[in-house]
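Results of the structural survey
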Amino acid sequence: MTLKIEQKLDGYTFTESKPRIYTTGAFLVPMEIVKNGEKRYVWVVDEFNDDTYNDNGIMCSPNLYTSDKENLL
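What comes next concerns the included structure. (Residues numbered from 1 in each chain as written. Predicted model: local features only at pLDDT ≥ 70, side-chain atom pairs only at ≥ 80, totals over all residues. Heavy atoms only, no water.)

Here we look at the overall build of the chain
The helix and strand tally for the chain stands at one helix and five strands. For the chain, the sequential pattern of α-helices and β-strands runs α-β-β-β-β-β. Along the first, second and third principal axes, the C-alpha set of the chain runs to 40 × 25 × 20 Å. Counting across all 73 residues of the chain, residues that qualify as buried make up 11%. In the chain, 35% of the contacts between residues at least 6 apart in sequence involve partners at least 24 apart. For the chain, the accessible surface area stands at approximately 6000 Å², while carbon and sulfur atoms represent 51% of it. (Helix = DSSP H or I, 4+ residues; strand = E, 2+ residues; numbered from the N terminus. Buried < 20%, exposed > 50% of the residue type's maximum accessible area, 1.4 Å probe, protein only. Contact = heavy atoms within 4.5 Å. Areas by Shrake-Rupley, 256 points an atom, 1.4 Å probe, with all protein chains shown as cover.)

Just distances and angles here, no functional claims.
Dropping the structure here:
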């Protein structure tokens with residue numbers, strides 16, 4: 001089950017689904033989310049370590065932290 005499906009079943013979302021990228025190597029860390037006092041954990045990228053591609057198969061350089069969505073790539 002994908003994170004997006006799980007969120008829909010739980011009746012909430014915390015993120016957008018675009019842009020969607022693929023990476024051949026990344027470090028992931030758990031992130032704790034609390035909703036109505038109930039803890040949930042999801043994996044989030046801590047660091048990209050290899051080639052990353054957008055939905056069109058074009059290599060891109062993702063940023064881990066930015067003030068707006070357009071600057072993520």
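We are not done yet, so read on.
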